Amino acid sequence: KERRVFLSGQKKLLQKVIGRRREKLGVAINTLDSNENIADMISYLYFSGFSLKVRWHPGLSKRKVKELLFSLKKFKVEVSNPFQESLVEFFSDIKCLISGNSSIHLEAALSDVIPIYYEITASDISDYYGYVESGLAKKCFSLKDLGETVESVMDDCETVNKNAVRRYSSTYSTEWEGNEGELVAQTMIRLSENKKLLLQPISLDL
């Protein structure tokens, strides 16, 4: 009858980038972003002097991807094809990431990439995943605001908000990060054998 909850963290295959100089600004395009809005933002950031790497959502239609690539030809930006380059490789090149409503913000933060929430195309539901509210991602309201925020992040030694990341993955930046599967298995075994637990349970009123 006793209910206990153990926060084991998320099992992610993402890797942190250690000792590598990351100088690019990442942009993650989702299915709701219009190519016109994308081009406007890329143009602003490109002519502001940022080195860009653009990755589209794997759910984008072939037609929209073709149009996107055509619109990017006028700029010297690097493209990350989600079917050819893993998120680990993408994150290893960038210091911060711009995207709208997308779970990629959390995946970026878990890889020590600073997430910036900016609605490339206006959304009916702002901050859908609550990443801004939790402090995981920085929010920008305009292109000018976006440019100033990116410049500050790129020039600074700022890191992700660890407490905010732990709200989504309790093992972040602990000895168990990357070993969540083993942690869950050992906890279950120790529970069944009535041994001392590796995790402290959280009691809930259910």
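Scroll up a little and you will see the structure.
Here we summarise the structure given alongside this text.

Criteria and cut-off values
- Residues numbered from 1 in each chain as written.
- Predicted model: local features only at pLDDT ≥ 70, side-chain atom pairs only at ≥ 80, totals over all residues.
- Heavy atoms only, no water.
- Helix = DSSP H or I, 4+ residues; strand = E, 2+ residues; numbered from the N terminus.
- Buried < 20%, exposed > 50% of the residue type's maximum accessible area, 1.4 Å probe, protein only.
- Contact = heavy atoms within 4.5 Å.
- Areas by Shrake-Rupley, 256 points an atom, 1.4 Å probe, with all protein chains shown as cover.
- Pairing = 2+ DSSP bridges.
- Right-handed = clockwise from strand over helix to strand, strands pointing away.
- Phe/Tyr/Trp six-rings, centres within 6.5 Å; stacked < 30°, edge-to-face > 60°.

### Some words on the overall build of the protein chain
Moving on, step 1. When helices and strands are tallied, the protein chain shows 8 helices and 8 strands.
Moving on, step 2. Projected onto its principal axes, the C-alpha positions of the protein chain cover 65 × 40 × 35 Å.
Moving on, step 3. Classification of the 206 residues of the protein chain by burial places 42% in the buried group.
Moving on, step 4. For the protein chain, restricting intrachain contacts to residue pairs at least 6 apart in sequence, the fraction spanning at least 24 positions comes to 71%.
Moving on, step 5. In the structure as shown, the protein chain presents an accessible area of about 12100 Å², 49% of it carried by carbon and sulfur atoms.

### Structural notes on the pairing of strand β3 (residues 52-56)
Moving on, step 1. Taken across its 5 residues, β3 has 5 buried, putting it largely inside the fold.
Moving on, step 2. Both faces of β3 are covered, namely the face carrying Leu-52, Val-54 and Trp-56 and the face carrying Lys-53 and Arg-55.
Moving on, step 3. In terms of strand pairing, strand β2 (residues 24-29) meets β3 through 5 bridges, oriented parallel. Each bridged residue has a counterpart across the sheet, and for Val-27 the counterpart in β3 is Val-54.
Moving on, step 4. Between β2 and its parallel partner β3, the chain crosses via helix α1 (residues 35-46), and the hand of that crossover is right-handed.
Moving on, step 5. By the bridge criterion, 3 bridges tie β3 to strand β4 (residues 78-80) in an arrangement that is parallel. Residue pairing for β4: Arg-55 is matched across the bridge by Ser-80.

### Topic: the packing of aromatic side chains
Moving on, step 1. Applying the stated criterion across every chain yields a total of 7 aromatic pairs.
Moving on, step 2. With centroids separated by 6.1 Å and ring planes inclined at 75 degrees, the aromatic side chains of Phe-47 and Phe-75 adopt a geometry described as edge-to-face. With Phe-47 in the loop between α1 and β3 and Phe-75 in the loop between α2 (62-72) and β4, the pair connects residues that are 28 residues apart, well separated along the chain.
Moving on, step 3. Note on Phe-47: relative accessible area 63%, which makes it exposed.
Moving on, step 4. Judged by relative accessible area, which is 8%, Phe-75 ranks as buried.
Moving on, step 5. Relative to Phe-91, the ring of Phe-90 lies with its centre 5.7 Å away and its plane at 40 degrees, an arrangement referred to as tilted.
Moving on, step 6. Connected via pairs of aromatic rings, a cluster forms that spans Tyr-128, Tyr-129, Tyr-131 and Tyr-168.

Limitation: the analysis is restricted to geometry and does not speak to function.
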